[in-house]
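# An overview of the molecular structure
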Amino acid sequence: MTRIAFTMQIPPPDSSSLATVSPQFAGDWLHALRKCSEEGQLATFLQRAGLHLAEGQLTHRVTLDQIVRLYQIAAVETGDEMTGLWSRPVRPRALQHLLTTVREASTLPAALHRFSTFWNLLLDDYRVDLTEDTTSTGLQLVPQGSQPAQRFGHMLILKLAHGLLSWLAGYEVPVRAVQFAFERPAFAQDYAVIFPAPVSFGAQWSAIDFDTGSAGLPGHRSNAELNDFLARAPRDWIFTGFREHTQSLKVREFLYRSSWENCHLADAARALSVTPRTLMRRLDAEDTSFQAIKDGLRRDLAIRDLQSGLKSIEEISQDTGFSSTANFHRAFRRWTGAPPSAYRSAAI
């Protein structure tokens, strides 16, 4: 069925607004930032974003708000809108020109063609190739040298393509598959909150494949909408909603919108119109489980409340379903590798 959307409908807050990623996932970004900023300057960036280092490494899980703050600070103060992720700096206003170019496209595949052409004018490290058939359109990052893949950089540019396409369409454009040209990292689960599709590793090159066969025409985007998208960057394109997503994020969203403390696998299966056995099999195929998803949501709820400073640790332990503060402390350390007090001190 063809979908035509001329206005971007802003969905109500969902569990993606709570999502966190591991310090190792964001650590690749720090490596890039060190190339385009002095050590003292980087420390200031991190402190203003509410992030902290120990022995040169991030010590806590990183929230969406912290990623947004760090990007907005670093992009302005380093003069590089890709914050050191590529060998050539991406100068200020480049993303504005990209949006201006993309919004003139007459179809979503044409928008991806403009996206690839734009980056091929700026990148020395990679060539962005377009692949098309009757039902899908894809982008490939083809290396132009022997440099190692910058994992955060590859994630960011593929996710930017998805974010811009969805902004232009007015809905989250379905993604068929994502692949990366690096081996599966220990933090591979973090990609589940970034991309609404199965993610594989160890490929010849990094790529993303969109389902554009049934896509409608792009909507018109005004200058005000363009400026709002830029002002919020990268909030609207790094993390994804659950509606076109994998089973695991749909389960997380169900729990977030329910009385999750008393929810069981059978309840989630019923809400998703599948049998419990089918849901278990699908979650296992995504390398997760119902309990792991539930614990991940509890962890992120606890991190949010710890960093807000509005609740005591005792209140947070009760809100996240623990019978005692001691049990909460043990579980939180198991989830994050740090005590709750460390996240409290990290709050701004």
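Going by the structure above, here's the rest.
Conventions used here
- Residues numbered from 1 in each chain as written.
- Predicted model: local features only at pLDDT ≥ 70, side-chain atom pairs only at ≥ 80, totals over all residues.
- Heavy atoms only, no water.
- 1 Å grid on protein atoms, 1.4 Å probe; cavity = no way out; pocket = protein on both sides within 12 Å on 5 of 7 lines; lining within 4 Å.
- Points joined across faces, edges and corners; volume = space filled by probe spheres on them.
- Helix = DSSP H or I, 4+ residues; strand = E, 2+ residues; numbered from the N terminus.
- Nonpolar A, V, L, I, M, F, W, Y, C, P; charged D, E, K, R; others polar.
- Core = buried A, V, L, I, M, F, W, Y, C linked by side-chain atoms within 4.5 Å.
- Buried < 20%, exposed > 50% of the residue type's maximum accessible area, 1.4 Å probe, protein only.
- Contact = heavy atoms within 4.5 Å.
- Pairing = 2+ DSSP bridges.

### Considering the layout of surface pockets
Approximately 400 Å³ is the volume attributed to the second largest pocket. Taken together, 18 residues line the second largest pocket, and the ones lying closest to its centre are Gln189, Thr288, Ala292, Gly296 and Arg299. Ranked by the residues each element gives to the lining of the second largest pocket, the list is headed by helix α12 (residues 290-308), at six residues. Split into classes, the residues belonging to the lining of the second largest pocket amount to seven nonpolar, five polar and six charged.

### So, the nonpolar core
For soluble globular proteins, the rule of thumb is that nonpolar side chains tend to be buried together. Within the largest apolar cluster, 76 residues are counted, with the highest numbers of intra-cluster contacts made by Leu98, Phe115, Trp119, Met155, Phe180, Tyr191 and Phe195. Of all the elements, helix α6 (residues 151-169) adds the most residues to this core, at 12 residues. Excluding anything up to four places from it in sequence, Leu98 contacts Phe115, Phe118, Trp119, Leu160 and Leu164. Membership of the second largest hydrophobic core comes to 16 residues, among which are Leu18, Cys263, Ala269 and Leu279.

### A few points about the pairing of strand β7 (residues 175-179)
Of the strand pairs in this sheet, β7 and strand β9 (residues 206-211) are connected by four bridges, and their pairing is antiparallel. For Gln179, the partnering residue across the bridge sits in β9 and is Ala207. Across two bridges, the pairing between β7 and strand β8 (residues 199-200) is parallel. Paired with Gln179 across the bridge in β8 is Ser200.

### Let's talk about unusual backbone geometry
In this structure, the amide linkage connecting Ala233 to the following residue, Pro234, adopts the cis form with an omega of 0 degrees. Assignment of secondary structure puts Pro234 in the loop between α7 (223-232) and α8 (235-238). Positive phi outside glycine occurs at Ser273, with the angle close to 60 degrees. Assignment of secondary structure puts Ser273 in the loop between α10 (265-271) and α11 (276-285). Looking at Ser273, the relative accessible area reads 67%, which means it is exposed.

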